[in-house]
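Fold and geometry: a report
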Amino acid sequence: MGSLENGVLPLKRDPLLKSSSRNERNNSFVQRPRSRFTRFMVLKKLDYLQWICAVAVFIFFMFVFQMLLPLSTVEKDGVDFLKQKEDNLGVGGELKNLLKEIGGLDFGEGVKFEPTKLLLKFQRDNGDVNNVGFGGSRRVVRFGHRKPQLAFVFADLLVDPQQLLMVTVAAALKAIGYEIEVYSLEDGPVHAVWENVGVPVNVVESSGDTKIVIDWLNYDAILVTSLEAKDVVSGLLQEPFKSLPLIWIVHEKALATRFKNYVSNGQVELIDNWKAVFNRATVVVFPNHALPMFYAAFDAGNYFVIPGSPCGACKLDNSTTVLQESLRVNMNIEDRDFVIAITGSQFLYKGLWLEHALVLQALSPLLAEFPVDDGLSPRLRIIILSQDLTGNYSEAIKGIASNLNYPSGSVNHAAIDEDVHNVLSIADIVIYGSFLEEQSFPDILIKAMCFEKPIVAPDLSIIKKFVDDKINGYLFPKENIKALTQIMLQLVSKGRLSSLTHNIASFGKHTAKNMMVLESVEGYASLVENVLNLPSEVASPRAVSEIPSNIKTEWQWHLFEAIADRKYVNRTLRIYHFLDKVEKRWNCTVKESSADVVADDTFLYSIWEEERSIQIAAAKKRREDGELRDRSEQPRGTWEDVYRSAKKADRNRNDLHERDDGELERTGQPLCVYEPYFGQGAWPFLHCGPLYRGLGLSTKGRRSRTDDIDAPSRLPLLSIPYYRDALGDFGAFFAIANRIDRVHKNAWIGFSSWRSTAKKASLSKAAEVALLDDIQAHRHGDALYFWVRMDKDPRNPMQQDFWTFCDAINAGNCKIAFSDALKKMYGVKDNSTSLPPMPVDGDSWSVMHSWSMPTKSFVEFVMFSRMFVDALDAQVYDEHHQSGLCYLSLSKDKHCYSRVLELLVNVWAYHSARRMVYIDPTTGTIQEQHDFKSRRGKMWIKWFNYNTLKAMDEDLAEEADSDHRKQRWLWPSTGEVFWQGMYEKERSQMRRQKEKRKQKSKDKIQRIKNRTHQKALGKYVKPSPENETVNNTDSIVAATKLLR
């Protein structure tokens, strides 16, 4: 097989080959040496008909394949097109030969960007939302008490086209019901523009080493502009902001051009970092269809194009100070010269050579208008703006011009990325020389029109949409390039443009100044609408069609007229500086990590020796202690004492750690406040004082060098992502309550959400002192202290009552969920929807899990909550786990019933006859809420009594301990399962083990006693000397008798 694949003949020759070789030697002058393929065909005696059929089938399939290719049609049309132009224009033989040598041309007709994955995702999400339906009386409802909140993030507030674009988009979004807030990493003159629009502005001072501390969960979506805001996007890679909708608008091409350098330099980690940032965005928006092609290496299926940007118009307003005379001198062009700029598509394809050649051929008749011999007459200068495809494109252009008899130096090539502004500013007329049908209007034509230059372009569909022939530009049929010659002869007379042409150019400038505003504004409004998943308390924005017409027809130029310094910022230069900083920062990080590795390798041996000596000393000490312990008498005690000591030692084995100062300070205080968090994004909002202790809901996202509690290790249920998200902070309550005496030693316990710190609603120093003083003085006894009020919650702007607010944040189904859960929990089979009354008495309730209570009361509350959560989970799990839909939310939501649990502590505290005390988080003022006098006759005390809940808890524990349900059951996984029978069962088991050991000992002793012993065979007793003499005498006498 290997020889056949490599094209090498086998070493063993065929007999036919041997005979043929002999014939060749004999008839060397008669026969011609055959090739290897001929020998194979002849000597193997293959059927010629089979070969002919195989070749015919191969040619047929190749023909069909070429017919189906998009480019095949383009190439055929291109050849016919070239032939037609040669016939019409009389292209000389030299040009024909040159174009024939190019060969393999394509004209980019197959290049098209379609965001298929993203559109399918939007369609699927909209279909899921529209088809939401639940059985019975469960119908999701939108209350709409507040407007959708959007955050716009900028790298700076300097004057540039992106600021004009986003101000216009913001004005349109505000008109249809959005609230917008602006964040910027650097201040600038556009700050006043945003304030005039009615948008608050926050300037965030940030650098590469400091993180941006913002609670992004306050917003329903985030729009980030420019690559310079990468640090913001990187911060959104962490939980809990990872699933927040993010729209990243990228206008720059600089990163795409540097990607090749990153690959060649082997900067894989830097590339992966950029890819992760691009993947984090829900949608990456580009202003044209060429940029997605350039950024194809970072594509994660989330690219989207919204055409339209005022970049050309903005650059026009800031380029009026450019002196054309100096530019002409720098480019070796005299004032009397007539300059024609030929531009084209941003895409790169081989057909550009042909298009430029045809345009130059069409312009060749203009040479008669510009005599070369006359030194005082204007000269014709043609500059072709394009990408350099091969590295020597300038020489190719000069060769084509020479074949077309252009004077030497009259046709030049310029790089479009470097000289586009300079060339357009000195050009007298601009010709668009590409025949590719593009999806968006060419940006370079907008720039030329803004420079008030007359444009001549083929009648492509996207160009005809905005350019009217002889009104704001000139159009010629793309099938008849000869029309370009006629147009140019009409525009140019005696080396100058006609007055009509100047008027058309001025109309073109007016058109370009507000081009594609409608497409841009409606595109962003539709995109935001598709990306958002609004909660039920948020009002839906109005339709995109209701945007005022004055916003959709022109950019908001008038808002920038008041800025004194409207000088255009060089955004490209800033982007390059920013990328240099990122690369430098990344290189420094790599060097530091490598230096650490080298340092570790250097001191590895010494560290190993020190550790080895420590281990040897510890082993010696343990051996000595063991020997001393064996020599001394040890009090044994009873088996129960030994059993308890063994369990205690096993329990404390994993809890041995060096106590830090914070833990030592917490040991002697009455209260410890736990702060549940999920992910690194919440770290900046956590407290570091001795009163607080972190509680990580995920092992990966825990803070290092702190004594934060790992919730999943204390409650394995939180290792399941579904329940970690569904329970939210309530999972932290279950984790702490599970064998609480092992982690919590204080008489009071409290919880504070990190989001309350972000909202500046956490306890101040004065409030902390006031709370501790009130607890130690026992002024309110067994009470629930809370410091985040429901009536000040941003979700409750209308100051609604308890149950109405709960319905508003749970799609109108909070009452139904509470009622069904309580009925299942207490075993009530009534069909009524009775609820515990939560009266409206002018006082407020607790929200956001920010409260404190005695530890004993907390254990009772968790006992009630476990049963309630189990009943609630039984209602929603099946549907929510399968489809992601929950009747407590309008759309797919991971945090299904966490908003119901947020208010559960109020129901328990009110109806279990606990005092409810509000403490002002700023001043520390304490005020009791819902006093006992107003509660009389309204509390369901018998349902929330401790004895009732304890009996229910023991019943569930007994069932879990004995029956072992086969179906899914959440309650045993939420905490400790214990009832009195378990203690008795444990004692009886210990008793049985003790009796078993005793029985084994008795059996052993009995076996020893009953063991059969072999009897002694006898002993030899040495006779005394007297007996020995007598025996000897008797033997002598007997012998004498025998002799006789």
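Whatever comes next refers back to the structure up there.
These remarks concern the structure in this document. Because the structure is a prediction, the values reported are computed rather than measured.

In this section: the packing of aromatic side chains. Applying the stated criterion across every chain yields a total of 43 aromatic pairs. Ring centres 5.2 Å apart and planes at 50° place the aromatic pair F861 and W908 in the tilted group. Pair noted here: F861 is in helix 36 (residues 855-883) and W908 is in helix 38 (residues 904-911), with a separation of 47 residues, a long-range link. Here the aromatic cluster, defined as three or more aromatic residues joined through ring pairs, consists of Y674, F730, F733, F734, F751, W851, F858, F861 and W908. Of note, R789 hangs over the ring of Y918, and the distance from its end group to the ring centre comes to 4.7 Å. A cation sits over an aromatic face here: R866 above W971, 4.3 Å from the ring centre.

Glancing now at unusual backbone geometry. Excluding glycine, most residues fall at negative phi; most peptide bonds, likewise, are trans. Cis geometry is adopted by the peptide bond preceding P240, which originates at E239 and carries an omega value of 5°. For H778, which is not glycine, the phi dihedral falls at a positive 55°. Structurally, the position occupied by H778 is in the loop between helix 33 (765-777) and strand 20 (783-786). Of note in the backbone geometry, Q799 takes a positive phi value of approximately 55° without being a glycine. Structurally, Q799 can be placed in the loop between strand 20 and helix 34 (802-808). Of the residues examined, Q799 reaches a relative accessible area of 48% and is grouped as partly exposed.

Read from one edge of the open sheet, six strands run 10-9-8-11-12-13, paired in parallel fashion. The open sheet has two free edges, formed respectively by strand 10 (411-415) and strand 13 (474-476), since each of these has just one partner strand. Taking each pair of neighbouring strands and ignoring which way they run, the sheet shows an average axis angle of 25°. Sheet topology note: the strand 9 (residues 380-386)/strand 10 ladder contains five bridges and is parallel. Residue pairing across strands places I383 opposite N412, the latter belonging to strand 10.

Read across the open sheet, the seven strands follow the order 3-2-1-4-5-6-7; overall the sheet is parallel. Looking at strand neighbours, the two that pair on one side only are strand 3 (201-203) and strand 7 (303-305), the edges of this open sheet. Direction aside, the axes of adjacent strands within the sheet are offset by 25° on average. Here strand 6 (residues 283-286) runs beside strand 7; their pairing, made up of three bridges, is parallel. Looking at strand 7, one finds that F286 is bridged to V305. The strands that helix 8 (residues 161-175) touches are strand 1 (149-154), strand 2 (179-184), strand 4 (221-225) and strand 5 (246-249); relative to strand 1, the one it contacts most, it runs at about 175°.

Conventions we followed
Residues numbered from 1 in each chain as written. Predicted model: local features only at pLDDT ≥ 70, side-chain atom pairs only at ≥ 80, totals over all residues. Heavy atoms only, no water. Phe/Tyr/Trp six-rings, centres within 6.5 Å; stacked < 30°, edge-to-face > 60°. Helix = DSSP H or I, 4+ residues; strand = E, 2+ residues; numbered from the N terminus. Lys NZ or Arg CZ within 6 Å of the ring centre and 35° of its normal. Buried < 20%, exposed > 50% of the residue type's maximum accessible area, 1.4 Å probe, protein only. Pairing = 2+ DSSP bridges. Axes fitted to C-alpha atoms, helices over the stretch in contact; angles between N-to-C directions. Contact = heavy atoms within 4.5 Å.

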